[in-house]
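Observations on the three-dimensional arrangement
If you want the building blocks of each chain, they are given just below.
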Amino acid sequence: MTFTEVLMIVPGFPAVSIILWLTILSVVLYLARIPAHRAMITASNILHHGLRMAANSVRMAEKNVANRNKEVLLSTGREAAERMIEREFERISNAVHADLAAYPALQREVSEEITRIEEDYKESSEVPPSPPGWAKAVEAVAKIPSSGDSMVANILGEINKSLNKAQGKALAEYRQNSKCRHKLLGGMLPHWRKLLQVTARMDKNISSLLERSKAIDRHMDEHEQIMQRTDRAAQMLASSSMTQFFIASFVLAIAIGGAVINFHLIARPMQEMVGGSSYIIGFKTAHVAAMVIIFVEMAMGLFLMESLRITRLFPVISALDDKKRVRMIWVTFAMLFALASIEASLAYMRDILSQDDAALLASLVNQQGQVAETISNRWITTAAQMGMGFMLPFALTFVAIPLESFVHSLRTVLGILTMNTLRITAFLLRLSGNLFRYTGTALVQVYDLLIFAPLWIEKSARLRSGRHTDDKHALHPTAPTAEASMIGGQS
Amino acid sequence: MIHHRQYIAWLGLALIAFAGGCSKPQSHSQGVYMLIDTSGTYAGELEKAQRIINYTLGKLNPGDSFAVARVDTGSFSEKDIIEKTTFDDRPSMANQQKRRFREKIDTFVKNVHSSRYTDISGGILQAIEFLNEKNPGKKTILIFSDLKEELKKGYKRDIPLQLGGFEVVALNVTKLRTDNINPREYLDRLEQWRQRVKSGGGEWRVINDLERMEGILGG
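Computed from a prediction, not measured in an experiment: that's the story for all the values here.

Quick notes on the overall build of chain A
From N to C terminus, chain A includes 15 helices and two strands. Counting all 491 residues of chain A, 16% fall into the buried class. Of the contacts made within chain A by residues no fewer than 6 positions apart, 81% connect residues no fewer than 24 positions apart.

Quick notes on the packing of helix H7 (residues 231-274) of chain A against helix H13 (residues 400-450) of chain A
Residues and elements named next belong to chain A. For the pair H7 and H13, the least separation of the axes is 8 Å and the interaxial angle reads 130°. Of the possible angle classes, the one that applies to H7 and H13 is oblique. Helix-helix and strand crossings are classified by hand; for H7 and H13 the assignment is left-handed. Side by side, H7 and H13 meet where Ala 238, Ser 241, Met 242, Gln 244, Phe 245, Ala 248, Ser 249, Val 251, Leu 252 and Ala 255 of the first sit next to Pro 402, Leu 403, Ser 405, Phe 406, Ser 409, Leu 410, Thr 412, Val 413 and Ile 416 of the second. Here the residues of the contact of H7 with H13 are counted per class, giving 13 nonpolar, six polar and no charged.

Describing the environment of Ser 213 of chain A
Structurally, the position occupied by Ser 213 of chain A is in helix H6 (residues 150-227). With 12 C-beta atoms counted inside 10 Å, the residue Ser 213 of chain A sits in the exposed group.

A short note on unusual backbone geometry
All names here are of chain A. Although it is not a glycine, Arg 309 sits at a positive phi angle of roughly 60°. Relative to the elements of secondary structure, Arg 309 occurs in the loop between helix H8 (285-307) and helix H9 (315-318). Given 13 C-beta atoms within 10 Å, Arg 309 falls into the partly exposed group.

Structural notes on the pairing of strand E5 (residues 166-171) of chain B
Residue and element names in this part refer to chain B. Of all six residues in E5, five are buried, a share of seventy percent or more. Note: strand E4 (residues 138-144) against E5, six bridges, orientation parallel. Counterpart to Leu 142 in the pairing with E5 is Val 169. Taken together, the five bridges between E5 and strand E6 (residues 203-207) define a ladder with parallel strand orientation. Looking across to E6, one finds that Val 168 is bridged to Trp 204.

About the thresholds
Residues numbered from 1 in each chain as written. Chains lettered and ligands numbered in written order. Predicted model: local features only at pLDDT ≥ 70, side-chain atom pairs only at ≥ 80, totals over all residues. Helix = DSSP H or I, 4+ residues; strand = E, 2+ residues; numbered from the N terminus. Buried ≥ 20, exposed ≤ 12 C-beta atoms within 10 Å, placed from the backbone. Contact = placed C-beta atoms within 7 Å. Axes fitted to C-alpha atoms, helices over the stretch in contact; angles between N-to-C directions. Parallel < 35°, antiparallel > 145°, perpendicular 65-115°, else oblique. Left-handed = near helix turned anticlockwise from the far one by under 90°. Nonpolar A, V, L, I, M, F, W, Y, C, P; charged D, E, K, R; others polar. Pairing = 2+ DSSP bridges.

Here's what the structure looks like:
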């Protein structure tokens with residue numbers, strides 16, 4: 001007997017059987033209506049509340065992460081602002097030491113110049129020629145009437161001659177004096193110029209100090225905003241952090257490219273030193289050694305940058321006293337120089353090995369002549385490889401700067417990413433909770449739709465019996481049905 | 001305190017196990033043994049064999065092993081090995097060894113005398129012995145022959161070949177005059193060798209176009 005045959009209540013009449021089954025099903029569903037409704041509503045409520053609680057937890061976690069992120073941002077920003085202010089003060093201090101330390105000497109120089117100019121000026125002031133004392137006597141003699149006396153005429157003539165002579169002498173003396181004064185005034189010109197230059201220099205120094213003070217004012221404003229923990233400051237720092245992150249990532253990618261080139265320069269000749277057939281954890285020992293050399297170079301570069309106080313990744317190095325720090329600078333630089341020299345020699349060896357390989361391959365395929373031709377210009381590649389081998393370690397030193405930015409900005413970027421992920425998760429949880437809630441309500445409606453016939457009969461029966469019970473209902477209003485209370489309760 | 005000691009002991013054991021796992025020697029080198037058929041008319045094909053040897057020398061790296069042996073009346077003998085070497089760890093030294101190897105092969109090719117019989121099985125047995133002794137990571141036997149085995153009376157070669165982990169490559173399997181009359185002979189000969197190698201646990205390949213040898217030796 002098949003399953004279909006079992007389902008046939010009236011054999012040979014499938015339609016009747018289906019109707020009978022539907023009727024039975026409707027009756028069963030009608031009888032189980034209230035518990036079924038309760039089960040559906042309860043299940044949806046459990047899911048809704050559970051997901052809402054989860055969403056709330058996630059939102060709280062998001063808030064915590066946001067607070068932590070803000071703390072990190074503000075702390076980093078405060079440190080950066082303090083560092084900038086510190087740097088600006090250092091610059092001002094240097095400027096004051098370098099330029100304004102010489103200020104008393106400069107002032108003395110200016111005073112001396114001014115004194116010299118004053119003296120020259122005094123000397124150059126024009127002294128009017130003293131009027132001759134005998135001018136009045138001459139005037140009186142000149143008034144004597146000649147009355148044709150030749151004696152008088154002679155005397156007057158002599159007087160005229162003497163007068164002209166004295167006048168000429170006085171004029172010559174006056175001209176000589178004027179010449180001396182012009183000379184003195186001309187000598188004042190370099191003093192004026194020097195005075196002008198000194199004043200301009202002082203003006204420049206003062207302007208530079210003023211500019212620095214403006215920069216300090218700006219950084220102080222930023223610092224103040226950070227200390228006040230304003231949202232604007234946090235937003236600005238977040239935006240700046242993201243920009244730093246992308247720029248640092250880009251520069252680090254370039255540095256990785258440089259490191260890869262460096263690796264290829266030294267990996268092959270390393271086989272001559274550590275052997276070409278030994279392996280460490282599945283990697284060629286020569287490759288591992290080449291990588292180690294590159295990592296050591298990068299570490300030395302980091303220490304050098306740290307000792308120079310360009311980066312601040314290791315507080316221990318920054319906290320060293322200046323004497324030890326300078327020693328560390330020289331030690332790390334010497335090691336870098338030694339490693340760069342080793343790399344240059346390895347690059348040279350690589351070239352020799354390449355030539356040897358080429359010669360061997362040519363001999364194996366009988367093309368020695370062709371190789372000899374290509375070898376003639378190989379010194380260019382040799383020099384280029386050696387140069388790269390020497391320069392790349394120093395270039396990799398500067399990786400420390402983007403690395404520092406990357407490390408600092410990564411904290412913020414990871415915080416922002418976590419925050420956004422949590423926000424999206426909370427939203428999805430809330431959405432799912434609401435979906436479950438309304439799905440429960442929808443399922444109740446669908447359930448009632450399936451048993452519409454018994455419900456319709458129930459409603460009709462109630463309407464009929466309603467007339468008899470109107471009085472009762474008037475005294476005791478109808479108690480709400482179970483499902484109505486449940487549906488009402490969930491909203 | 002006892003708990004702490006237990007943890008430390010477990011940690012120590014884990015570290016030892018990890019170190020042991022890491023330090024398990026795994027050979028990355030290659031071992032190549034090449035058999036050159038010098039019997040009858042096939043001795044005239046030696047120039048091609050020389051090209052294959054040169055190609056192999058160019059492909060092998062420091063630390064790899066290479067041996068070239070002739071196939072003659074009785075090939076299960078060290079005397080038939082023309083030249084064998086394990087290349088030095090240093091590339092410059094390995095290159096010098098390759099040059100010397102090539103010179104030895106050139107001298108052999110100039111002075112070779114063809115043999116009357118062809119003992120390929122004996123050569124393979126010798127190759128297995130040599131490569132197992134060297135124990136490289138990858139073992140390859142190159143057979144430069146027409147694969148027509150002709151044993152001298154009294155020579156027993158019905159020994160199963162232990163070729164687990166070996167790759168056997170037949171190169172330049174030329175067709176004999178009788179093969180041209182009845183190609184089935186040629187195909188049967190190839191199939192017989194394939195089955196023999198496979199039953200010994202080895203991999204079998206045939207390369208007749210010497211321009212397509214790129215795949216036989218890993219980079």
